[in-house]
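Summary of structural features
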Amino acid sequence: MRIIVEEHPNILDVSELLRPEKSFTDKEVSKFRDYTVDDNDPLKERVRRTYKLMHTHQTVDFVKGRHAEWLKFDHFKANIRDALEKLNDLVDESDPDLDLPNIVHAFQTAERAREEYPEWDWLHLTGLIHDLGKVMAFYGEPQWAVVGDTFPVGCEWGPSIVYREDSFVDNVDGANPKYNTKCGMYQPKCGLQNLTMSWGHDEYLYRVLKHNKSTLPDQALYMIRYHSFYPWHSGGDYGYLTTEKDEEIKNWVLLFNRYDLYTKSTKKPDMEALWPYYQGLIDKYCPGELEW
């Protein structure tokens, strides 16, 4: 029997507020991912507060606890469409670029990818579902543990992390010699696959898809798992932990992020008209009821 998630009022994902390419949007590129501090701008303040909470509480022990809680995949059962439609009630509190329900962004991303690569149907579906891990917000997970840019825990925080200068001052791992050095608990060049990432929607959806035996190709799974790892793929941090293979992964993630980041706009796609096409892709790559 399918378990439908209980209704909630609009949940806001603040990580999506400050992040695109002129040809993809009606907003100037320089206006995306604007993380400047402005006490008089409620949107910017909302984003900053979300990251402050994230950078305070995302520790090694916290992430281990989230794995224990979520990777049993026993919270609910739902097909992809039902889970996606929950995103009608979610606005990302970490996003400085868009103040619209997350499902709108999902279709914007998917349609732009479809326009540029019509032959890669797996990429279209990846665009549609890439933020689907945010359904955790409807099950008691605070937004700072669901949305926003990700980073490895258990090592020195990268210099390009947003609000890096003062947002980690209360994170206990900063005083732990096991975790506060450059490589921390990792070996140099250990590779992305061996990093423990801060807990959020990227890692969760990747794990859900693997658990439910999705047939999406590896490239799609890379895009989903690392699309929010901005300090690495866009900031140039953590090269001392990654490998040559990870550079190939980065190229796929950067390709995807052209659609994720640069399609954010107030223009809404006709979602009802698009559903039949995307339902066919869901049936092909992620059919039936999934365990979440």
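If you're wondering where the values come from, they're calculated on a predicted model, not measured in any experiment. (Residues numbered from 1 in each chain as written. Predicted model: local features only at pLDDT ≥ 70, side-chain atom pairs only at ≥ 80, totals over all residues. Heavy atoms only, no water.)

1. Here we look at the overall build of the protein
Within the protein, the regular secondary structure consists of 11 helices and 4 strands. Counting all 292 residues of the protein, 56% fall into the buried class. Here the protein displays about 12,300 Å² of accessible surface, and carbon together with sulfur accounts for 50% of that area. (Helix = DSSP H or I, 4+ residues; strand = E, 2+ residues; numbered from the N terminus. Buried < 20%, exposed > 50% of the residue type's maximum accessible area, 1.4 Å probe, protein only. Areas by Shrake-Rupley, 256 points an atom, 1.4 Å probe, with all protein chains shown as cover.)

2. Digging into the UniProt feature "binding site: substrate" (unreviewed entry) in the protein
Within the UniProt annotation, "binding site: substrate" (unreviewed entry) is assigned to Arg-33, Asp-92, Glu-93, Ser-94, Lys-134, Gly-148, Asp-149, His-227 and Ser-228. Among the secondary structure elements, Asp-149 is positioned in the loop between helix 5 (121-129) and helix 6 (164-167). Judged by relative accessible area, which is 5%, Asp-149 ranks as buried. (UniProt positions renumbered as here; feature names shortened; annotations may be inferred.)

3. What about the UniProt feature "binding site: Fe cation" (unreviewed entry) in the protein?
As recorded in UniProt, the sites labelled "binding site: Fe cation" (unreviewed entry) are His-105, His-130, Asp-131, His-201, His-227 and Asp-260. You can see His-227 is positioned in the loop between helix 8 (218-226) and helix 9 (230-233). In this structure His-227 comes out as buried when scored by relative accessible area, which is 1%. A polar contact is formed between the side chain of His-227 and the side chain of Asp-202, at a distance of 3.3 Å. A relative accessible area of 1% places Asp-260 in the buried class. Not counting chain neighbours up to four residues away, the residues in contact with Asp-260 comprise His-105, Thr-109, His-130, His-227 and Tyr-230. (Polar contact = N/O pair within 3.5 Å; in protein donor to acceptor, adjacent residues only side chain to side chain. Contact = heavy atoms within 4.5 Å.)

4. Structural notes on a negative patch on the surface
A surface patch of negative charge is lined by Glu-69, Asp-74, Glu-289 and Glu-291. Residue Glu-289 is classed as partly exposed on the basis of its relative accessible area, which comes to 39%. (Patch = residues over 30% accessible without salt bridge, like charges linked within 9 Å, V, L, I, M, F, W, Y side chains within 5 Å. Salt bridge = Lys/Arg side-chain N within 4 Å of Asp/Glu carboxyl O. Lys, Arg positive; Asp, Glu negative; His and termini not counted. Charge placed at Lys NZ, Arg CZ, Asp CG, Glu CD.)

5. With respect to the pattern of salt bridges
Once the charged atoms of two side chains with opposite charge are near each other, the side chains can pair. Across all of its chains, the model carries 15 salt bridges by this definition. Here Asp-170 makes a salt bridge to Lys-52, at a shortest N to O gap of 3.1 Å. Of this pair, Asp-170 sits in the loop between helix 6 and helix 7 (201-211) while Lys-52 sits in helix 1 (residues 42-57), placing them 118 residues apart in sequence. On the basis of relative accessible area, Asp-170 is assigned to the partly exposed category, the value being 47%. Between Glu-115 and Arg-112 there is a salt bridge, with the nearest N and O atoms lying 2.6 Å from each other.

6. Focus on the packing of helix 4 (residues 102-116) against helix 5
Running from N to C, helix 4 and helix 5 point in directions that differ by 165 degrees, and their axes come no closer than 7 Å. Judged by the inter-axis angle, helix 4 sits roughly antiparallel to helix 5. As for the relative orientation of helix 4 and helix 5, their crossing is right-handed in sense. Note on element contacts: helix 5 touches helix 4 through Leu-123, His-124, Gly-127 and Leu-128, opposite Ala-106, Phe-107, Thr-109, Ala-110, Ala-113 and Arg-114. When the residues that make up the contact of helix 4 with helix 5 are grouped by side-chain class, the tally is 6 nonpolar, 3 polar and 1 charged. (Axes fitted to C-alpha atoms, helices over the stretch in contact; angles between N-to-C directions. Parallel < 35°, antiparallel > 145°, perpendicular 65-115°, else oblique. Left-handed = near helix turned anticlockwise from the far one by under 90°. Nonpolar A, V, L, I, M, F, W, Y, C, P; charged D, E, K, R; others polar.)

7. As for unusual backbone geometry
Glycine aside, residues mostly have negative phi angles, and peptide bonds mostly take the trans form. Even without glycine at this site, Phe-73 takes up a positive phi of about 55 degrees. As for its placement among the helices and strands, Phe-73 is situated in the loop between helix 2 (60-70) and strand 2 (77-78). Relative accessible area serves as the criterion here: at 11%, Phe-73 is assigned to the buried category. One non-glycine residue, Lys-189, lies in the positive phi region at around 60 degrees. With respect to the helices and strands, Lys-189 occurs in the loop between helix 6 and helix 7.

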